[in-house]
Amino acid sequence: MSTTSSTASGTASSTPSSTTLLLARHGQTIWHAENRYAGVSDIGLTDEGRAQAEALGRWAAAHRPDAVWTSPLSRAIATAEPACRALGLTPYREPGLRECDFGVLEGRTLAEFAAEVPQAAEAFRADPVAYPFPDAEDPLEAASRGTAALRRIAAAHPGDRVLVVAHNTLLRLVLCTLLSIPAGEYRRVFPRLRNAAISELRVNTDGSAALLSLNVPCETAPAVAP
């Protein structure tokens, strides 16, 4: 697994029994710029986020994925739009790719929560799955729906390369599930997915998966050879 691997460029093609999912987190929003949890709140992109989306569009024009899928939240849809425009594709929407609901932390920072309820914040830091935020979605249920969504996408595009634009926490939980990593370790193993960077995941028809690259910036991934 490498942050500079050329596999994210599309030079390593999938076999007929596997699908390559090119996972991208949406661009920056105002809340994310302030380290606030957005979750299911529909927050728009900042100027920086829109620039990240355009970079993803240029990457898509160079690497030519076969299809584009997005979360139903507007920040993911807007991030995928330049790629769809460059490819002449209509994106598919997958409800299972929406971000986790963070309950009382929607619109707030972990530091703010820790100032009010330090023990709960410390428990979350130690194991965010066993001790989620109050009123939040069960992280294991979120992991299950997100994993099922990616497997449905892979099954719909055998042998293809598919751009999937979704969310930081959901994708980290799904990666843990697919790679047999304890879900409670997602914050430690995958500290964050960078906005609009590419992580390449190979999904096989038997449900197994392999992570080929992580957080490759769009502007540095080499283009597919003609």
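Residues numbered from 1 in each chain as written. Predicted model: local features only at pLDDT ≥ 70, side-chain atom pairs only at ≥ 80, totals over all residues. Heavy atoms only, no water.

## Structural notes on the pairing of strand E1 (residues 18-25)
Just so we agree on the cut-off: Buried residues are those whose accessible area, probed at 1.4 Å on protein chains only, stays under 20% of the maximum for their type, while exposed residues exceed 50% and partly exposed ones sit between those limits. In this text, helices come from DSSP runs of H or I with a minimum length of four residues, and strands from runs of E with a minimum of two, each type numbered from the N-terminal end. Here a strand pair is declared whenever DSSP counts at least two bridges between the two strands.
Among the eight residues in E1, eight count as buried, and that is most of the element. Side chains Ser18, Thr20, Leu22 and Ala24 of E1 all project onto a buried face; the interleaved residues Thr19, Leu21, Leu23 and Arg25 project onto the opposite face, where all are buried too. Pairing geometry for E1 and strand E5 (residues 198-204), over seven bridges, is antiparallel. Counted as the bridge partner of leucine 22 is glutamate 200 from E5. Of the strand pairs in this sheet, E1 and strand E4 (residues 161-166) are connected by six bridges, and their pairing is parallel. Bridge pairing in E4 places threonine 20 opposite arginine 161.

## Structural notes on the packing of aromatic side chains
To keep it simple, the criterion reads: Only Phe, Tyr and Trp rings take part, Trp by its six-membered ring, and two of them pair if their centres are within 6.5 Å. Stacked means planes under 30 degrees apart, edge-to-face means over 60, and tilted covers everything else.
Considering all chains together, one arrives at five aromatic pairs under this definition. Centroid distance phenylalanine 124 to phenylalanine 133: 4.1 Å. Interplanar angle 25 degrees. Geometry classified as stacked. Using a relative accessible area of 3% as the deciding quantity, one classes phenylalanine 124 as buried. The class of phenylalanine 133 is buried, set by a relative accessible area of 3%. By way of ring pairs, the aromatic residues Tyr37, Phe102, Phe113, Phe124 and Phe133 are connected into one cluster.

## A few points about empty space enclosed by the protein
Our working rule: Only protein atoms enter the 1 Å grid used here. Points where a 1.4 Å probe fits but cannot escape make up a cavity, open sets with protein on both sides within 12 Å along at least five of seven lines make up a pocket, and a residue lines them when an atom lies within 4 Å of a point. Grid points are joined across faces, edges and corners, and a volume is the space filled by probe spheres set on the points. When residues are sorted by character, Ala, Val, Leu, Ile, Met, Phe, Trp, Tyr, Cys and Pro go into the nonpolar class, Asp, Glu, Lys and Arg into the charged class, and all the rest, Gly among them, into the polar class.
Following the criterion strictly, the structure yields one cavity of 30 Å³ or more and no others. By volume, the largest cavity amounts to about 100 Å³. Around the largest cavity, the lining comprises 13 residues; the ones closest to its centre are Cys100, Phe102, Glu137, Pro139 and Tyr186. Per-class residue counts for the lining of the largest cavity are ten nonpolar, one polar and two charged.

## What about unusual backbone geometry?
Excluding glycine, most residues fall at negative phi; most peptide bonds, likewise, are trans. With a phi angle near 65 degrees, asparagine 35 is a residue other than glycine that sits in the positive phi range. One can find asparagine 35 in the loop between helix H1 (30-33) and helix H2 (47-63). Backbone geometry at arginine 64 places phi at a positive 50 degrees, although glycine is not the residue there. Among the secondary structure elements, arginine 64 is positioned in the loop between H2 and strand E2 (67-70). Judged by its relative accessible area of 43%, arginine 64 is partly exposed.

## Quick look at the side chain of threonine 109
Inclusion rule: Throughout this description, a polar contact denotes any pair of N or O atoms lying within 3.5 Å of each other; where both atoms belong to protein, one of them has to be capable of donating a hydrogen while the other can accept it, and for residues adjacent in sequence the pair is counted only when both atoms sit in side chains. Contact definition: two residues touch when any of their heavy atoms are within 4.5 Å.
Relative to the assigned elements, threonine 109 resides in the loop between strand E3 (92-93) and helix H4 (110-116). Of the residues examined, threonine 109 reaches a relative accessible area of 11% and is grouped as buried. At a separation of 3.0 Å, a polar atom in the side chain of threonine 109 contacts the main-chain amide nitrogen of glutamate 112. In this structure threonine 109 touches Glu34, Asn35 and Arg36, once residues within four positions along its chain are discounted.

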